[in-house]
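Residues per chain are reported as follows:
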Amino acid sequence: MSDCIFCKIAKGEIPTDFVYQDESVMVFKDINPQAPTHLLVIPKRHIVSAAEVDDLSVWANLMGRAVEVAKRLNLDTPGFRMVINTGEQGGQTVSHLHLHLLSGRHFGWPPG
Ligand code: AMP
Ligand code: ZN
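I will try to describe carefully the structure that is included in this document.

Rules and cut-offs
Residues numbered from 1 in each chain as written. Chains lettered and ligands numbered in written order. Predicted model: local features only at pLDDT ≥ 70, side-chain atom pairs only at ≥ 80, totals over all residues. Heavy atoms only, no water. Helix = DSSP H or I, 4+ residues; strand = E, 2+ residues; numbered from the N terminus. Near = heavy atom within 4 Å. Polar contact = N/O pair within 3.5 Å; in protein donor to acceptor, adjacent residues only side chain to side chain. Areas by Shrake-Rupley, 256 points an atom, 1.4 Å probe, with all protein chains shown as cover. Pairing = 2+ DSSP bridges. Axes fitted to C-alpha atoms, helices over the stretch in contact; angles between N-to-C directions. Contact = heavy atoms within 4.5 Å. Buried < 20%, exposed > 50% of the residue type's maximum accessible area, 1.4 Å probe, protein only. Donors = N, O, S within 2.8 Å, 3.2 Å for Na, K, Ca; no water. Tetrahedral: all angles 85-135°; square planar, octahedral: opposite > 155°, others 65-115°. Salt bridge = Lys/Arg side-chain N within 4 Å of Asp/Glu carboxyl O.

As a further point, take unusual backbone geometry. The amide bond that connects Trp109 to the next residue, Pro110, takes the cis arrangement and shows omega of 5°. Along the chain, the position of Pro110 falls in the segment after strand E5 (99-103). Unlike most non-glycine residues, Asn74 shows phi in positive territory, near 60°. Inspection of the secondary structure puts Asn74 in the loop between helix H2 (56-72) and strand E4 (80-83).

This is how it looks when you write it as structure tokens:
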């Protein structure tokens, strides 16, 4: 999608501090971090939200790579949180599916 900021990042049209990419997934630093480590994991293909996923392999790639990156960065011992805001009430502000990978501080429950 031409006017989607995350599609532009996925295509390399916007310089981004990325930590991992392969043919289907990209992982980069959130521009407004909410924790000492705050990464975004996105499918390179434009998918509006979690509710629009049409192929289970999207989840395998997204979640699989997220956990892989978390372990490679040694986030699994202190712990980490993965969040997918979905839709307006779910708090989604960018309409391209993304998984937040957060770590480096204690996270409360319930979320705000
Ligand atoms: P959400 O509110 O769940 O849709 O999350 C969108 C996230 O994208 C927010 O945490 C923003 O800080 C982040 N974000 C928006 N634009 C950029 C960008 N150009 N580079 C990195 N992160 C971004
Ligand atoms: Zn997009």
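The subject of this paragraph is the site of ligand 1. In the vicinity of ligand 1, 16 residues are found, and the nearest of them are Asp30, Asn85, Thr93, His98 and His100. In this structure, an oxygen atom belonging to ligand 1 sits 2.5 Å away from a side-chain N or O atom of Asp30. A distance of 2.8 Å separates an oxygen atom of ligand 1 from a polar side-chain atom of His100. Protein contacts shield 83% of the accessible area of ligand 1, which totals 510 Å² for the unbound molecule.

The strands making up a sheet are joined through hydrogen bonds of the backbone, oriented either antiparallel or parallel. Pairing in this open sheet of 5 strands is antiparallel, and the strands run E1-E2-E3-E5-E4 from one edge to the other. Every interior strand has two partners, whereas the edge strands, strand E1 (18-21) and E4, have only one. Taking each pair of neighbouring strands and ignoring which way they run, the sheet shows an average axis angle of 20°. Against the sheet, H2 engages E1, strand E2 (25-29), strand E3 (37-43), E4 and E5, with an angle of about 20° to E5.

As a further point, take the pairing of E5. The side chains of a regular strand alternate between the sheet's two faces. Within E5, 5 of the 5 residues are buried, leaving the element largely enclosed by the surrounding structure. Because side chains alternate across E5, one face comprises the buried residues Leu99, Leu101 and Ser103, and the other comprises His100 and Leu102, equally buried. Relative to E5, E4 runs antiparallel, the two sharing 4 bridges. Residue Phe80 lies in a different strand from E5, and its bridge partner there is Ser103.

Attention now moves to the coordination of the zinc ion (ligand 2). Those donors, Cys4 (SG), Cys7 (SG), His46 (ND1) and His96 (ND1), are the protein atoms that reach the zinc ion (ligand 2), and they lie 2.0 to 2.3 Å from it. Here the zinc ion (ligand 2) is ringed by 4 donor atoms whose angles at the metal span 105 to 117°, and the overall shape comes out tetrahedral. On the primary sequence, the residues serving as donors to the zinc ion (ligand 2) are separated as C-x2-C-x38-H-x49-H. Of this pair, Cys7 sits in helix H1 (residues 5-10) while His96 sits in the loop between E4 and E5; the two residues are 89 residues apart in sequence, bridging distant segments of the chain.

Per the stated rule, a full pass over the model turns up 4 salt bridges. The salt bridge involving Arg65 is made with Asp22; its shortest N-O contact spans 3.0 Å. On the criterion of sequence distance, the pair formed by Arg65 in helix H2 and Asp22 in the loop between E1 and E2 is long-range, its members being 43 residues apart. According to the relative accessible area criterion, Arg65 is partly exposed, its value standing at 24%. Between Asp54 and Arg45 there is a salt bridge; the shortest N-O distance is 3.2 Å. Residue classification places Arg45 among the partly exposed residues on the basis of a relative accessible area of 42%.

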